[in-house]
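# Geometric and topological summary
Spelled out from the first residue to the last, the chains are:
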Amino acid sequence: MRTTAVILATTVSLPSLALAGELRGTVTNPALSRPLSGARVTVDGIAQPVWTDADGRYRLTDIPAGEHELRIELPGYTPFSASIVIPETGDVTRDVEIALAGGSESEIVVLGSRASRLAALERKRSLPVIADVVAADTIGQLPDYNTAQALQRLPGISVQTDQGEPRYVVVRGVDPNLNQVTVDGNLVGIPEAEGRRVALDTIPSDLVAAIEVVKAVTPDYDANAVGGSINIVTPTAFDRTDDFLFASAKISYSDAADKFGYGGSVTYGAKFGADDQFGIVAAGSYFKRFIHSQLAGPRGWTAFGQEMAPTSFVLYDYRIMRERIGGIVNLDWRPDDDTRFYLRTIYNEYTDEEERDQFNWDLARGTQTFPAADQIAWSRGRATREFRQNNQTQKLYNISPGTELTLGNVQLDLNYTYARAQEHTPVRTDIEFRSTDTLSSTLDLTQPSPTFVTYNPAALDPAAYPLRRIRMRSEEIDEDLHAFRADLRYDIPNMEGSFLKFGGKFTDRKKHRDNRQSLETPTTAVTFAQTGAFTADIPFFDGVYDFGPGMNYQGVLDYFASRPGSLALDTAATAINDLRLDYDIHEKIYAGYGMASLQLGELTVIGGVRVEKTDGSYSAFAIRDSDGDGTLEPSDILPVQFSTNYTDVLPSLHLNYRLQQDLLVRAAWTNTIGRPNYDAQVPTFEEEDGSGTAGNPNLQPYRAMGLDLSLEYYPDADTLFSLAGFYKKIENPIFTRTIQNTSFAGVPLLTLSQPQNADSGELLGIEAAMQKRFTFLPRPLDGLGLSANVTYVDSSVDVPGRETEDLPFFRQSKWLFNAALFYEKGPFEARVAVTYRDDYLEGVGASKAGDTYVKGRTVVDARVSYRVTDRIEVFASGADLNNASVIIYQATPSQLVTDEVYSFTADFGVNIRF
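None of these values were measured; they are calculated from a predicted model.

### Focus on a negative patch on the surface
- There is a patch of like negative charges on the surface, built from Asp242, Asp243, Asp275 and Asp276.
- By the element assignment, Asp275 lies in the loop between strand E19 (259-272) and strand E20 (278-299).
- Owing to a relative accessible area of 80%, Asp275 belongs among the exposed residues under this scheme.

### Quick look at empty space enclosed by the protein
- The final tally for this structure, using the stated rule, is 11 cavities of 30 Å³ or more.
- Along the wall of the second largest cavity there are 19 residues; nearest its centre are Gln180, Leu187, Asn224, Arg509 and Arg675.
- Secondary-structure elements contributing two or more residues to the lining of the second largest cavity are strand E14 (179-183), strand E32 (499-522) and strand E36 (583-600).
- Here the lining of the second largest cavity is built from residues that sort into 8 nonpolar, 4 polar and 7 charged.

### Observations regarding unusual backbone geometry
- In this chain, Arg779 is followed by Pro780 through a cis amide linkage whose omega measures 0°.
- Residue position: Pro780 is located in the loop between strand E46 (760-773) and strand E47 (784-797).
- Even without being glycine, Asp542 reaches a positive phi, approximately 55°.
- Structurally, Asp542 is set in the loop between strand E33 (534-537) and strand E34 (549-551).
- Overall, the relative accessible area of 85% leaves Asp542 in the exposed class.

### Some details on the pattern of salt bridges
- Within this structure, the stated rule accounts for 69 salt bridges.
- For Arg172, the salt bridge is made with Glu767, and the minimal N-O distance between the two is 2.9 Å. Of this pair, Arg172 sits in the loop between strand E13 (165-171) and E14 while Glu767 sits in strand E46, and the two are 595 residues apart along the sequence.
- The buried category is assigned to Glu767, whose relative accessible area is 5%.
- Between Arg319 and Glu355 there is a salt bridge, with the nearest N and O atoms lying 3.4 Å from each other. With Arg319 in strand E23 (residues 312-336) and Glu355 in strand E24 (residues 339-362), this residue pair connects regions lying 36 residues apart in the sequence.
- You can call Arg319 partly exposed: its relative accessible area is 28%.
- Residue classification places Glu355 among the partly exposed positions, given a relative accessible area of 31%.
- A network of salt bridges, in which partner residues are shared, links Lys124, Asp132, Arg172, Lys215, Arg666, Asp708, Glu712 and Glu767.

### Here's the deal with the packing of aromatic side chains
- Scanning all chains against the criterion turns up 33 aromatic pairs.
- Taking the centre distance of 5.4 Å and the plane angle of 20° together, the rings of Phe735 and Phe810 count as stacked. You can see Phe735 sitting in strand E44 (residues 734-744) and its partner Phe810 sitting in the loop between E47 and strand E48 (815-825), a full 75 residues away along the chain. Here Phe735 and Phe810 have matching classes, each one buried.
- Here Tyr823 and Phe828 contribute two aromatic rings whose centre-to-centre distance is 6.3 Å and whose plane-to-plane angle is 55°, an arrangement assigned as tilted.
- For Phe828, a relative accessible area of 35% translates into the label partly exposed.
- Among the aromatic residues, those joined into a ring-pair cluster are Phe313, Phe359, Trp361, Phe452, Tyr455, Phe540, Phe541, Tyr545 and Phe547.
- A cation sits over an aromatic face here: Arg240 above Phe244, 5.8 Å from the ring centre.

### Things to note about the environment of Thr425
- Residue placement: Thr425 occurs in strand E28 (residues 410-434).
- On the basis of relative accessibility, which here comes to 4%, the residue Thr425 falls in the buried class.
- Sequence spacing of Thr425 and Glu475 is 50 residues, and the spatial spacing of their C-alpha atoms is 5.0 Å.
- Setting aside residues no more than four positions away along its own chain, Thr425 makes contact with Asn390, Asn391, Gln392, Arg473, Ser474 and Glu475.
- A polar atom in the side chain of Thr425 sits 3.3 Å from the side chain of Gln392.

### Some words on the sheet that holds strand E15 (residues 186-187)
- If you walk across this open sheet you meet the 5 strands as E11-E16-E17-E14-E15, and the pairing is mixed. Looking along the sheet, the strands with just one partner apiece sit at the ends: strand E11 (131-135) and E15.
- Taken together, the 5 bridges between E14 and strand E17 (residues 228-233) define a ladder with parallel strand orientation. From the neighbouring strand, Asn179 faces E17, where its bridge partner is Gly228.

### Quick notes on the confidence of the model for the protein chain
- Averaged over all residues, the pLDDT of the protein chain equals 89, while 95% of them reach at least 70.
- Per-residue pLDDT stays below 50 along residues 1-18; that stretch engages in 38 contacts with residues further than four places along the chain or on separate chains.
- Here residues 104-111 is a poorly scored stretch, pLDDT under 50, and it has 24 contacts once near neighbours within four places are set aside; other chains count.

### Remarks on helix H6 (residues 553-561)
- Those residues of H6 not exposed but buried are Tyr553, Gly555, Val556, Leu557, Tyr559 and Phe560.
- Structurally, H6 contributes buried residues whose contacts are with strand E27 (382-407), E28, strand E31 (467-491), helix H5 (528-531), E34 and strand E35 (567-569).
- For H6, the N-terminal capping position is held by Asn552, with its side-chain oxygen 3.3 Å away from the main-chain nitrogen of Gln554.

### Quick notes on the side chain of Ser229
- Take Ser229: it is sitting in strand E17.
- Not counting the four nearest positions on each side in its chain, Ser229 is found in contact with Gln180, Glu212, Val213, Val214, Val217 and Tyr221.

### Points about the sheet that holds strand E25 (residues 368-369)
- If you walk across this open sheet you meet the 4 strands as E25-E26-E29-E30, and the pairing is antiparallel. Bordering the open sheet on either side are E25 and strand E30 (451-455), each of which pairs with just one other strand.
- As paired strands, strand E29 (residues 441-444) and E30 are joined by 4 bridges and run antiparallel to one another. Following the sheet pairing, Asp444 is matched in E30 by Thr451.

### As for the pairing of strand E37 (residues 603-623)
- For E36 and E37, the ladder comprises 18 bridges, and the chain directions are antiparallel. Following the sheet pairing, Ala596 is matched in E37 by Gly607.
- A loop of 2 residues connects E36 with E37, the two strands running antiparallel in sequence, and Gly601 in this loop sits at a positive phi of about 65°.
- Where E37 and strand E38 (residues 637-660) come together, 21 bridges link them in antiparallel fashion. Across the sheet, the residue bridging to Val605 is Leu655, located in E38.

Conventions adopted
- Residues numbered from 1 in each chain as written.
- Predicted model: local features only at pLDDT ≥ 70, side-chain atom pairs only at ≥ 80, totals over all residues.
- Heavy atoms only, no water.
- Patch = residues over 30% accessible without salt bridge, like charges linked within 9 Å, V, L, I, M, F, W, Y side chains within 5 Å.
- Areas by Shrake-Rupley, 256 points an atom, 1.4 Å probe, with all protein chains shown as cover.
- Salt bridge = Lys/Arg side-chain N within 4 Å of Asp/Glu carboxyl O.
- Lys, Arg positive; Asp, Glu negative; His and termini not counted.
- Charge placed at Lys NZ, Arg CZ, Asp CG, Glu CD.
- Helix = DSSP H or I, 4+ residues; strand = E, 2+ residues; numbered from the N terminus.
- Buried < 20%, exposed > 50% of the residue type's maximum accessible area, 1.4 Å probe, protein only.
- 1 Å grid on protein atoms, 1.4 Å probe; cavity = no way out; pocket = protein on both sides within 12 Å on 5 of 7 lines; lining within 4 Å.
- Points joined across faces, edges and corners; volume = space filled by probe spheres on them.
- Nonpolar A, V, L, I, M, F, W, Y, C, P; charged D, E, K, R; others polar.
- Phe/Tyr/Trp six-rings, centres within 6.5 Å; stacked < 30°, edge-to-face > 60°.
- Lys NZ or Arg CZ within 6 Å of the ring centre and 35° of its normal.
- Contact = heavy atoms within 4.5 Å.
- Polar contact = N/O pair within 3.5 Å; in protein donor to acceptor, adjacent residues only side chain to side chain.
- Pairing = 2+ DSSP bridges.
- pLDDT = per-residue confidence, 0-100.

So this is what it looks like as structure tokens:
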């Protein structure tokens, strides 16, 4: 393998009468088999340097004819210099290979994880914005099953989990609904009914080349990015200098479920045709896993004299199967350096089949006494035994053709994107058996999650539970998105690296939700015992709680299906339930921007303004108790339509200054918006077991102003030390307010959750990160290294009616911490990672006593691998090795409302590179 720089290309002369020429080329590293971005390119006599783009390309114009010295520099690489001759008539193409500094490059070929770190740091350094990057191989170095799980290891990034698996990405504490998610810079559809967030667990990590989290956007980004813009980059054939074929296979063992999952992926990329002008990448991914979790939840904490006690209790036993299918086909045609055509396609399918046994206690239906210190006894209570079968499939697919054309100093980019998103739920069935209200109980309150001292043994007897109802639901959510984008860039003559850029974009989004429900009740009393469809007692929380028998879901349905007439349809409730969640949304966004990027020596100034106009029309069904009798009838649900129209002018300014080649200072002032969630804005209403949720058509969009400052130090190719500070002021933040013992549309409710606008909120934070190999240590310790980051955020929000209180911003943790200790020596690699997120505010009540918080959580993951050959690697990994619970509490940690427990998952597999 060569370790010195080599000039690959020859001079190409073109007819011209000019006495000044153009120099262009590509900078690559042969050991990494890919182009290098962010390399500084200078020619003596030309004061202005340029930097290579994402494809490793550089271009210098108006170079005087004659002999010059070409110099290329990139931190951590051996500087390159060579003599070039610019003829009086003609231009020159020079493609250059540069080598990593300090040792044999053969190590890079072997150490794939180090190569990935190089790629991530190189991409971060070369981006013109404040951003963090995860590269493809880094995603695979820990048990990251999806893109959300990979992103949680970046500075300022945390995640919201579903069944212990990261799903939604939180950037600097801002609601995931306020992130812009794109694939290859193109918008994706949103499959969920509730919000604008994209569930990133839908997208397998196997299909990703890199993930960019842009924390301060420039005017050519979509403005709906209060949190940030997350761009998932898929591979192309031109990402590498050689053709490639990667394959992987693994089995996965879930300790709690005691089941094995399995999966694999294949990625193929090649260039072909004359001068390798055509490129194709095709990739496919499949993974199936099983999850088992249990949840204990004391709810409704209330003061009884000097004691705080829950008034209800829920126990859940989950059994889940998740399946991911993904594929991409990316096509490129590059007939010459100035002409590019491309087609980007991606398909993702995510299926979640969930079984949930549920044991609910309504404890407080009688009088309470205090038989001993820290104990409360209830004379009467009621319990239910429920089962939910919920089968859901999400699909995302994008088709994005486009072109990039360069005509002298002008570059024109055109793109069209069609995105389709679906969330189909063919089965969501709830079966509920409910006892009489004669069940007594006594609770021990010495622990945050109370335990039962005594209870009426009938609570565990299936004969004590007559059928209350069977509710069968299905739902289809479909979204179609069309986006047209045009960008025109004009390179300013005699100002290398400086340009003006203008663009426009039109986005047309249509979303339809059709929720179908039927409610059946028994015509004669039938107990759980009579159906015979109960199972053995479910072991629960290692014996801390007695759950009693589980339910045979299909057995219950078969019992009633074999007895025609045993169930009657509640026509009034069915008619209302069948419409109350339905809606249609048509949203049009017109956007235009103008910006300038001026390169003044080592300083780059990017400034401009983006204007976005939002036109939205919404159709739904409003519920009103029209006759005031406290009972809803089919005539009480009526169609309603409304529209919104607002325009935002959003200026921004970015400064990037290279104090020296390895030291970079960035600053930014940005303005962004956040459109309200779909379900928050449409006037829908849903009630279940006395808990209601409703929309609010009067919501205003978020409007945010941000200030950012960062310092990045790159002493070598795979070392980083960075420090960043940020401030964000957010007007009209939307929060979910929960009101106790109220009514809505004439329906009495125990709780009502409804989105409302707060006045404003502020975030002030600091991020510190480092990544370093300890090569200075004696062997064999020189294989050790550390990647770590910490984020601290001080935040506040003004909530109507509670302005005098010091509330933190919604979902904002004060502390985030990530660390990965790794060892890379020869064919062996190992790493242990720790991720921590501090407590954060999840829901706001009418007073502090009703606020809910998610407790801080620490998760430990690990991975070891061994390269049998340069092409074959075997590995084993473990996720959640410390069995971290998800805990939610009300007002204070001593009042738990959710304690959900999981266990570890172990993977074993092989990676092959051909």
